[in-house]
Amino acid sequence: MSNTGGDMSNAQLFRQMALLSWLSSQSDQDREILAAMTGVQVARELLSRITGQGRVDVYKRECIQSIAQFVRDKPRASQSELNAEVEKHVLLFAARVKALDSAPIF
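Residues numbered from 1 in each chain as written. Predicted model: local features only at pLDDT ≥ 70, side-chain atom pairs only at ≥ 80, totals over all residues. Heavy atoms only, no water.

A.B. asks: A description of the environment of Ser21 should follow, citing residues and the corresponding values.
C.D. replies: Looking at where Ser21 falls in the secondary structure, it is placed in helix α1 (residues 10–25). Judged by relative accessible area, Ser21 falls into the partly exposed class, the value being 31%. When the C-alpha positions of Ser21 and Leu34 are compared, they lie 8.6 Å apart, and in sequence the two are 13 residues distant. Apart from the residues lying within four places of it in its own chain, the contact partners of Ser21 are Gln26 and Asp30. (Helix = DSSP H or I, 4+ residues; strand = E, 2+ residues; numbered from the N terminus. Buried < 20%, exposed > 50% of the residue type's maximum accessible area, 1.4 Å probe, protein only. Contact = heavy atoms within 4.5 Å.)

A.B. asks: So what's going on with helix α3 (residues 53–73)? Which residues, and what values?
C.D. replies: Since there are 3.6 residues in each turn of an α-helix, residues three or four apart along the chain are aligned in direction. The end-to-end C-alpha distance of α3 is 30 Å, a good match for the 30 Å that 21 residues give at a rise of 1.5 Å each. For α3, every residue scored as buried is listed here: Val56, Tyr59, Cys63, Ile67 and Phe70. Down the axis, α3 shows its buried residues gathered within 70° of arc, on one side only. In α3, those exposed residues whose orientation departs by more than 90 degrees from the buried face are Arg72 and Asp73. Buried residues along α3 sit against α4 (79–99). (Expected span 1.5 Å × (residues − 1). Arc of directions from axis to C-beta.)

A.B. asks: Go over the pattern of salt bridges with me, naming the residues and quoting the values.
C.D. replies: According to the stated counting rule, one finds 3 salt bridges in the structure shown. Notably, a salt bridge pairs Arg49 with Glu45, separated by 2.8 Å at the nearest N-O pair. Of this pair, Arg49 and Glu45 both sit in helix α2 (residues 28–51), 4 residues apart, which is roughly one turn of that helix. Of the residues examined, Arg49 reaches a relative accessible area of 40% and is grouped as partly exposed. In this structure, Arg96 engages Glu62 in a salt bridge whose closest nitrogen and oxygen atoms are separated by 2.5 Å. Of this pair, Arg96 sits in helix α4 while Glu62 is found in helix α3, placing the two residues 34 residues apart along the sequence. (Salt bridge = Lys/Arg side-chain N within 4 Å of Asp/Glu carboxyl O.)

A.B. asks: Summarise the environment of Ala18; cite the residues concerned and give the values.
C.D. replies: Looking at where Ala18 falls in the secondary structure, it is placed in helix α1. Take Ala18: its relative accessible area is 8%, and that puts it in the buried class. For the pair Ala18 and Arg49, spaced 31 residues apart in sequence, the C-alpha to C-alpha distance is 25 Å. Other than its neighbours up to four places away in sequence, Ala18 contacts Ile33, Leu34 and Met37.

By themselves, these are just geometric observations and shouldn't be taken as functional.
Structural data, given as structure tokens:
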């Protein structure tokens, strides 16, 4: 879930809302909702850690930003220079993703 301007992600905000509701009412229904939302958040985090998808997304963003920075810094670069720079960053991205296979999960 994405962050839309605050310090919390949407998932965190929903969990906090469920917690507030339960704290206000102490009802079994609100407790069950809070437990379910917490369980979903924990499962989502575990899946992200196991698959490494969060790191892959960071590496992808860094790759794209590096290429974009090269284009901004050298707007008159030749096609071969641009191709070489793109290849360099894509290979770095691929190596970083491959290294995730041997990285500890936690």
